[in-house]
Amino acid sequence: MKVLGIAMGRRNGNSEILLKHALKACEEDGAEVSFFRLHDYHINPCTGCELCTKLGRRHEERHCMYPWDADDTRQIADMIEAADGLILAAPAYHLMPPGIGTVMLNRNHCCIDVPGHRGDYSFKRRVCASIGVGGSDWTSLFMPILNFIGTEMLGSTMHLADQMKLHRTPAVGMVLCNKEALDRATQLGHNVMTELKREEEVVVYHGEEGMCPICHNSIVVIRNGRMACAICDYEGDPVIEDGKIKSIKWDCGIEGTRWSPHGNEHHDSEQFTSVKFDKEAGGVGYVFTEEQQKEMAEGRAKWSKYLEPVMPKRK
Ligand SMILES: Cc1cc2nc3c(=O)[nH]c(=O)nc-3n(C[C@H](O)[C@H](O)[C@H](O)COP(=O)(O)O)c2cc1C
(Lines give C-alpha, C1' and ligand atoms only; values in the text may rest on other atoms or scores of the structure.)
Protein backbone atom coordinates (compact mmCIF):
# COMPACT_ATOMS: atom_id res chain seq x y z
CA MET A 1 0.00 0.00 0.00
CA LYS A 2 1.29 3.42 -0.93
CA VAL A 3 0.58 6.56 1.07
CA LEU A 4 1.51 9.90 -0.45
CA GLY A 5 1.80 13.15 1.51
CA ILE A 6 1.52 16.58 -0.07
CA ALA A 7 3.05 19.41 1.96
CA MET A 8 1.86 22.92 1.18
CA GLY A 9 3.58 24.88 3.93
CA ARG A 10 7.08 26.01 4.82
CA ARG A 11 10.02 23.64 4.43
CA ASN A 12 10.22 21.73 7.71
CA GLY A 13 7.37 23.90 8.92
CA ASN A 14 4.54 22.99 11.25
CA SER A 15 2.25 21.27 8.78
CA GLU A 16 5.14 19.37 7.20
CA ILE A 17 6.33 18.10 10.59
CA LEU A 18 2.82 16.86 11.39
CA LEU A 19 2.62 15.24 7.97
CA LYS A 20 5.87 13.39 8.62
CA HIS A 21 4.53 12.11 11.95
CA ALA A 22 1.48 10.77 10.10
CA LEU A 23 3.54 9.22 7.32
CA LYS A 24 5.88 7.57 9.81
CA ALA A 25 2.86 5.94 11.46
CA CYS A 26 1.68 4.70 8.04
CA GLU A 27 5.14 3.29 7.40
CA GLU A 28 5.10 1.50 10.77
CA ASP A 29 1.77 -0.02 9.76
CA GLY A 30 3.26 -1.40 6.56
CA ALA A 31 2.80 1.33 3.96
CA GLU A 32 5.32 2.54 1.43
CA VAL A 33 5.38 6.28 2.08
CA SER A 34 6.59 9.34 0.19
CA PHE A 35 5.86 13.05 0.17
CA PHE A 36 6.47 16.10 -1.95
CA ARG A 37 6.41 19.81 -1.35
CA LEU A 38 3.91 21.42 -3.65
CA HIS A 39 6.00 24.59 -3.80
CA ASP A 40 8.79 22.63 -5.53
CA TYR A 41 6.46 21.99 -8.46
CA HIS A 42 5.40 24.32 -11.21
CA ILE A 43 1.72 24.25 -12.14
CA ASN A 44 0.23 26.45 -14.85
CA PRO A 45 -3.20 27.66 -13.72
CA CYS A 46 -6.23 26.23 -15.51
CA THR A 47 -7.44 28.60 -18.23
CA GLY A 48 -10.97 27.17 -18.24
CA CYS A 49 -10.82 26.20 -21.93
CA GLU A 50 -12.88 23.05 -21.18
CA LEU A 51 -10.86 20.86 -23.54
CA CYS A 52 -10.52 18.19 -20.83
CA THR A 53 -14.23 18.38 -20.01
CA LYS A 54 -15.19 17.92 -23.65
CA LEU A 55 -12.79 14.99 -24.08
CA GLY A 56 -14.27 13.39 -20.95
CA ARG A 57 -17.80 13.76 -22.31
CA ARG A 58 -16.68 12.08 -25.52
CA HIS A 59 -15.27 9.22 -23.40
CA GLU A 60 -11.81 10.01 -24.71
CA GLU A 61 -8.66 10.26 -22.68
CA ARG A 62 -8.41 13.63 -21.04
CA HIS A 63 -5.57 16.00 -21.62
CA CYS A 64 -4.94 19.70 -21.34
CA MET A 65 -4.38 22.44 -23.85
CA TYR A 66 -0.96 22.79 -22.17
CA PRO A 67 1.43 20.06 -23.38
CA TRP A 68 2.20 17.64 -20.56
CA ASP A 69 5.84 18.80 -20.47
CA ALA A 70 4.84 22.45 -20.00
CA ASP A 71 4.71 21.97 -16.24
CA ASP A 72 4.61 19.34 -13.49
CA THR A 73 0.84 18.70 -13.44
CA ARG A 74 1.07 15.25 -15.01
CA GLN A 75 3.84 14.18 -12.67
CA ILE A 76 1.72 15.15 -9.67
CA ALA A 77 -1.31 13.36 -11.10
CA ASP A 78 0.75 10.22 -11.72
CA MET A 79 1.98 10.21 -8.11
CA ILE A 80 -1.58 10.60 -6.84
CA GLU A 81 -2.86 7.94 -9.23
CA ALA A 82 -0.27 5.49 -7.91
CA ALA A 83 -1.21 6.16 -4.28
CA ASP A 84 -3.78 4.27 -2.21
CA GLY A 85 -3.80 6.89 0.52
CA LEU A 86 -3.35 10.65 0.32
CA ILE A 87 -2.57 13.00 3.21
CA LEU A 88 -2.70 16.74 2.59
CA ALA A 89 -0.90 19.03 5.03
CA ALA A 90 -1.31 22.78 4.76
CA PRO A 91 -1.10 26.07 6.61
CA ALA A 92 -4.07 28.42 6.69
CA TYR A 93 -3.56 31.39 4.39
CA HIS A 94 -6.31 34.02 4.60
CA LEU A 95 -8.87 31.62 6.10
CA MET A 96 -8.18 29.05 3.37
CA PRO A 97 -5.54 26.57 2.24
CA PRO A 98 -2.71 28.13 0.16
CA GLY A 99 -3.83 29.04 -3.37
CA ILE A 100 -1.38 26.60 -4.89
CA GLY A 101 -3.58 23.81 -3.52
CA THR A 102 -6.58 24.93 -5.54
CA VAL A 103 -4.36 25.60 -8.58
CA MET A 104 -3.32 21.93 -8.34
CA LEU A 105 -6.94 20.83 -7.96
CA ASN A 106 -8.11 22.86 -10.96
CA ARG A 107 -5.41 21.40 -13.20
CA ASN A 108 -6.05 17.90 -11.89
CA HIS A 109 -9.36 18.14 -13.76
CA CYS A 110 -7.53 17.35 -16.99
CA CYS A 111 -5.88 14.27 -15.46
CA ILE A 112 -8.76 12.37 -13.90
CA ASP A 113 -11.55 10.40 -15.42
CA VAL A 114 -14.59 12.02 -13.92
CA PRO A 115 -17.13 9.36 -12.89
CA GLY A 116 -19.88 9.01 -15.43
CA HIS A 117 -17.91 10.40 -18.32
CA ARG A 118 -16.77 6.85 -18.94
CA GLY A 119 -20.19 5.46 -18.09
CA ASP A 120 -18.80 3.87 -14.93
CA TYR A 121 -19.10 5.27 -11.45
CA SER A 122 -16.86 2.76 -9.74
CA PHE A 123 -13.42 3.88 -8.64
CA LYS A 124 -10.42 2.38 -6.98
CA ARG A 125 -11.12 2.51 -3.24
CA ARG A 126 -8.78 5.06 -1.73
CA VAL A 127 -8.50 7.03 1.48
CA CYS A 128 -7.58 10.63 2.23
CA ALA A 129 -6.90 12.69 5.35
CA SER A 130 -6.05 16.32 6.04
CA ILE A 131 -3.76 18.17 8.44
CA GLY A 132 -4.20 21.92 8.88
CA VAL A 133 -2.23 24.49 10.88
CA GLY A 134 -3.27 28.08 11.55
CA GLY A 135 -1.27 30.86 13.17
CA SER A 136 -4.47 32.11 14.82
CA ASP A 137 -8.01 30.76 14.79
CA TRP A 138 -8.92 32.48 11.53
CA THR A 139 -9.57 29.23 9.77
CA SER A 140 -13.30 28.96 9.06
CA LEU A 141 -12.98 28.05 5.37
CA PHE A 142 -9.74 26.20 5.77
CA MET A 143 -10.46 22.54 6.51
CA PRO A 144 -13.62 22.26 4.40
CA ILE A 145 -11.66 23.43 1.36
CA LEU A 146 -8.61 21.32 2.19
CA ASN A 147 -10.84 18.26 2.63
CA PHE A 148 -12.58 19.10 -0.63
CA ILE A 149 -9.23 19.25 -2.45
CA GLY A 150 -8.28 15.78 -1.14
CA THR A 151 -11.68 14.29 -1.87
CA GLU A 152 -11.83 15.71 -5.38
CA MET A 153 -8.25 14.76 -6.20
CA LEU A 154 -9.18 11.14 -5.49
CA GLY A 155 -12.17 11.20 -7.82
CA SER A 156 -15.10 12.81 -6.09
CA THR A 157 -16.16 10.08 -3.71
CA MET A 158 -16.36 10.37 0.09
CA HIS A 159 -13.29 8.73 1.54
CA LEU A 160 -12.12 11.14 4.22
CA ALA A 161 -10.71 8.98 7.02
CA ASP A 162 -9.52 11.72 9.34
CA GLN A 163 -8.68 15.40 9.72
CA MET A 164 -6.88 17.46 12.33
CA LYS A 165 -6.62 21.22 12.71
CA LEU A 166 -4.25 23.10 14.94
CA HIS A 167 -4.80 26.72 15.94
CA ARG A 168 -2.43 29.39 17.30
CA THR A 169 0.76 27.91 15.91
CA PRO A 170 2.42 30.76 14.01
CA ALA A 171 6.18 30.26 14.44
CA VAL A 172 7.98 27.81 12.20
CA GLY A 173 8.57 24.50 13.98
CA MET A 174 6.73 25.42 17.19
CA VAL A 175 4.48 22.42 16.71
CA LEU A 176 7.39 20.35 18.01
CA CYS A 177 6.64 21.71 21.50
CA ASN A 178 3.06 20.44 21.26
CA LYS A 179 3.18 16.73 22.06
CA GLU A 180 -0.58 16.35 21.91
CA ALA A 181 -0.62 17.61 18.32
CA LEU A 182 2.28 15.36 17.29
CA ASP A 183 0.51 12.35 18.81
CA ARG A 184 -2.69 13.32 17.05
CA ALA A 185 -0.85 13.40 13.71
CA THR A 186 0.62 9.97 14.44
CA GLN A 187 -2.89 8.72 15.20
CA LEU A 188 -4.12 10.23 11.94
CA GLY A 189 -1.54 8.14 10.08
CA HIS A 190 -2.67 4.98 11.90
CA ASN A 191 -6.30 5.84 11.10
CA VAL A 192 -5.49 6.16 7.40
CA MET A 193 -3.94 2.69 7.50
CA THR A 194 -6.89 1.21 9.41
CA GLU A 195 -9.15 2.44 6.64
CA LEU A 196 -6.83 1.30 3.87
CA LYS A 197 -6.81 -2.19 5.35
CA ARG A 198 -10.58 -2.29 5.87
CA GLU A 199 -12.17 -4.95 3.69
CA GLU A 200 -15.51 -3.17 3.25
CA GLU A 201 -16.08 -0.47 0.67
CA VAL A 202 -17.10 2.18 3.20
CA VAL A 203 -14.39 4.43 4.63
CA VAL A 204 -15.01 5.04 8.34
CA TYR A 205 -14.28 8.58 9.53
CA HIS A 206 -12.16 8.91 12.69
CA GLY A 207 -11.91 12.70 13.12
CA GLU A 208 -13.81 15.26 15.12
CA GLU A 209 -17.43 15.41 14.07
CA GLY A 210 -18.38 18.39 11.95
CA MET A 211 -21.92 19.63 11.50
CA CYS A 212 -22.36 17.56 8.34
CA PRO A 213 -22.49 13.82 9.01
CA ILE A 214 -21.43 12.99 5.46
CA CYS A 215 -18.35 15.13 4.79
CA HIS A 216 -17.75 16.23 8.42
CA ASN A 217 -17.42 19.90 7.58
CA SER A 218 -19.28 22.72 9.26
CA ILE A 219 -20.16 25.29 6.63
CA VAL A 220 -23.83 25.40 5.71
CA VAL A 221 -25.73 27.55 3.27
CA ILE A 222 -29.42 28.42 3.32
CA ARG A 223 -31.20 27.41 0.12
CA ASN A 224 -34.92 27.43 -0.61
CA GLY A 225 -35.61 27.81 3.11
CA ARG A 226 -33.55 24.70 3.94
CA MET A 227 -29.99 24.20 5.09
CA ALA A 228 -27.43 22.50 2.90
CA CYS A 229 -23.84 21.52 3.53
CA ALA A 230 -21.74 23.90 1.42
CA ILE A 231 -19.28 21.14 0.62
CA CYS A 232 -21.29 17.99 -0.08
CA ASP A 233 -24.80 19.41 -0.64
CA TYR A 234 -26.47 17.27 2.04
CA GLU A 235 -29.81 18.86 2.97
CA GLY A 236 -31.77 19.27 6.16
CA ASP A 237 -33.78 21.60 8.37
CA PRO A 238 -32.75 23.47 11.51
CA VAL A 239 -34.04 22.19 14.84
CA ILE A 240 -34.92 25.31 16.80
CA GLU A 241 -35.21 25.39 20.59
CA ASP A 242 -35.67 28.57 22.64
CA GLY A 243 -35.21 30.60 19.45
CA LYS A 244 -31.76 29.13 18.78
CA ILE A 245 -30.56 26.59 16.21
CA LYS A 246 -29.74 23.51 18.28
CA SER A 247 -28.91 21.14 15.45
CA ILE A 248 -29.80 20.24 11.89
CA LYS A 249 -32.14 17.38 11.07
CA TRP A 250 -30.52 15.96 7.95
CA ASP A 251 -32.86 13.97 5.80
CA CYS A 252 -31.13 12.02 3.09
CA GLY A 253 -28.39 9.43 2.83
CA ILE A 254 -25.03 9.73 1.10
CA GLU A 255 -26.89 9.00 -2.14
CA GLY A 256 -28.33 12.51 -1.94
CA THR A 257 -24.94 14.21 -1.84
CA ARG A 258 -22.27 15.19 -4.32
CA TRP A 259 -20.17 12.16 -3.34
CA SER A 260 -22.40 9.59 -4.99
CA PRO A 261 -23.47 8.37 -8.42
CA HIS A 262 -26.56 10.52 -7.86
CA GLY A 263 -24.40 13.59 -7.33
CA ASN A 264 -22.36 12.92 -10.42
CA GLU A 265 -25.41 12.16 -12.55
CA HIS A 266 -27.05 15.31 -11.22
CA HIS A 267 -23.95 17.34 -12.10
CA ASP A 268 -23.93 16.00 -15.64
CA SER A 269 -27.67 16.25 -16.19
CA GLU A 270 -29.09 18.75 -18.59
CA GLN A 271 -31.39 20.34 -16.00
CA PHE A 272 -28.35 21.09 -13.90
CA THR A 273 -26.20 22.63 -16.60
CA SER A 274 -29.17 24.47 -18.21
CA VAL A 275 -27.64 23.76 -21.63
CA LYS A 276 -28.16 20.74 -23.82
CA PHE A 277 -25.10 18.74 -24.86
CA ASP A 278 -24.58 18.01 -28.51
CA LYS A 279 -24.98 14.25 -28.11
CA GLU A 280 -24.99 13.56 -31.85
CA ALA A 281 -21.59 15.16 -32.11
CA GLY A 282 -20.42 12.98 -29.25
CA GLY A 283 -21.28 15.47 -26.52
CA VAL A 284 -18.50 17.77 -27.66
CA GLY A 285 -20.27 21.04 -27.31
CA TYR A 286 -23.43 22.67 -26.10
CA VAL A 287 -26.52 23.11 -28.25
CA PHE A 288 -27.82 26.63 -28.91
CA THR A 289 -30.38 27.97 -31.36
CA GLU A 290 -29.07 29.97 -34.32
CA GLU A 291 -30.47 33.08 -32.70
CA GLN A 292 -28.60 32.38 -29.45
CA GLN A 293 -25.37 31.62 -31.32
CA LYS A 294 -25.64 34.94 -33.18
CA GLU A 295 -26.40 36.82 -29.99
CA MET A 296 -23.41 35.30 -28.21
CA ALA A 297 -20.99 35.80 -31.15
CA GLU A 298 -21.99 39.44 -31.63
CA GLY A 299 -21.93 40.13 -27.91
CA ARG A 300 -18.49 38.60 -27.42
CA ALA A 301 -17.12 40.55 -30.41
CA LYS A 302 -18.56 43.77 -29.02
CA TRP A 303 -17.35 43.28 -25.45
CA SER A 304 -13.89 42.13 -26.52
CA LYS A 305 -13.38 45.58 -28.05
CA TYR A 306 -14.33 47.40 -24.85
CA LEU A 307 -11.24 48.09 -22.71
CA GLU A 308 -7.83 46.55 -23.33
CA PRO A 309 -6.45 44.69 -20.29
CA VAL A 310 -3.48 46.25 -18.51
CA MET A 311 -0.59 43.89 -19.21
CA PRO A 312 2.24 43.10 -16.77
CA LYS A 313 5.38 45.23 -17.15
CA ARG A 314 8.19 42.87 -18.04
CA LYS A 315 11.60 43.40 -19.58
C1 LIG B 1 0.09 34.73 3.64
C2 LIG B 1 -0.27 34.14 4.98
C3 LIG B 1 -1.58 34.19 5.40
C4 LIG B 1 -1.94 33.61 6.61
N5 LIG B 1 -3.25 33.63 6.97
C6 LIG B 1 -3.63 32.98 8.09
C7 LIG B 1 -5.02 32.89 8.43
O8 LIG B 1 -5.91 33.39 7.73
N9 LIG B 1 -5.36 32.22 9.54
C10 LIG B 1 -4.43 31.64 10.37
O11 LIG B 1 -4.81 31.04 11.37
N12 LIG B 1 -3.11 31.72 10.08
C13 LIG B 1 -2.68 32.35 8.95
N14 LIG B 1 -1.35 32.40 8.63
C15 LIG B 1 -0.35 31.78 9.53
C16 LIG B 1 0.06 30.36 9.13
O17 LIG B 1 -1.05 29.53 8.97
C18 LIG B 1 0.95 29.78 10.25
O19 LIG B 1 2.15 30.54 10.33
C20 LIG B 1 1.32 28.33 10.07
O21 LIG B 1 2.08 27.89 11.19
C22 LIG B 1 2.18 28.06 8.86
O23 LIG B 1 2.35 26.67 8.76
P24 LIG B 1 3.70 26.03 8.20
O25 LIG B 1 4.76 26.21 9.25
O26 LIG B 1 3.35 24.63 7.96
O27 LIG B 1 4.05 26.75 6.93
C28 LIG B 1 -0.95 33.00 7.43
C29 LIG B 1 0.38 32.97 6.99
C30 LIG B 1 0.72 33.53 5.79
C31 LIG B 1 2.15 33.45 5.32
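Below you will find a few notes about this structure. Just so we're clear, the structure is a prediction, and the values are computed from it rather than from any experiment.

Here is what the cut-offs are and how they apply
Residues numbered from 1 in each chain as written. Predicted model: local features only at pLDDT ≥ 70, side-chain atom pairs only at ≥ 80, totals over all residues. Axes fitted to C-alpha atoms, helices over the stretch in contact; angles between N-to-C directions. Helix = DSSP H or I, 4+ residues; strand = E, 2+ residues; numbered from the N terminus. Parallel < 35°, antiparallel > 145°, perpendicular 65-115°, else oblique. Left-handed = near helix turned anticlockwise from the far one by under 90°. Contact = placed C-beta atoms within 7 Å. Nonpolar A, V, L, I, M, F, W, Y, C, P; charged D, E, K, R; others polar. Pairing = 2+ DSSP bridges. Near = placed C-beta within 6 Å. Core = buried A, V, L, I, M, F, W, Y, C linked by C-beta atoms within 7 Å. Buried ≥ 20, exposed ≤ 12 C-beta atoms within 10 Å, placed from the backbone. Domains from an automatic or database assignment.

1. Re the packing of helix α1 (residues 14-28) against helix α6 (residues 179-197)
So, point 1. At a minimum axis separation of 7 Å, α1 and α6 run at an interaxial angle of 40°. In terms of orientation, α1 lies oblique with respect to α6. Helix-helix and strand crossings are classified by hand; for α1 and α6 the assignment is right-handed. On the side of α1, the interface is formed by Leu 18, His 21, Ala 22, Leu 23, Lys 24, Ala 25 and Cys 26, while α6 contributes Ala 181, Leu 182, Ala 185, Thr 186, Leu 188, Gly 189, His 190, Val 192 and Met 193.
So, point 2. Of the residues in the contact of α1 with α6, the class split is 11 nonpolar, 4 polar and 1 charged.

2. Points about the sheet that holds strand β7 (residues 226-229)
So, point 1. Pairing in this open sheet of 4 strands is antiparallel, and the strands run β6-β7-β8-β9 from one edge to the other. A single partner strand is all that each edge strand has here, and the edge strands are β6 (220-223) and β9 (244-250). Sheet twist, expressed as the average angle between the axes of neighbouring strands with direction ignored, equals 45°.

3. Remarks on the site of the ligand
So, point 1. The immediate surroundings of the ligand are formed by 20 residues, with Gly 9, Gly 13, Pro 91, Gly 134 and Gly 135 found nearest.
So, point 2. With 3 residues, the single largest contributor to the shell around the ligand is α1.
So, point 3. Its residues assigned to classes, the shell around the ligand shows 8 nonpolar, 10 polar and 2 charged.

4. Describing the nonpolar core
So, point 1. One finds Leu 18, Ala 22, Ile 87 and Val 192 to be the most contacted residues of the largest nonpolar core, which totals 63 residues.
So, point 2. Viewed by domain, this core spans two of them, domain 1 (1-206) and domain 2 (209-284), each represented by three or more residues.
So, point 3. Every residue in contact with Val 192, bar those within four places of it in the chain, is listed here: Val 3, Cys 26, Gly 85, Ile 87, Val 127, Ala 129, Ala 161 and Asp 162.

By themselves, these figures tell us nothing about what the structure is for.
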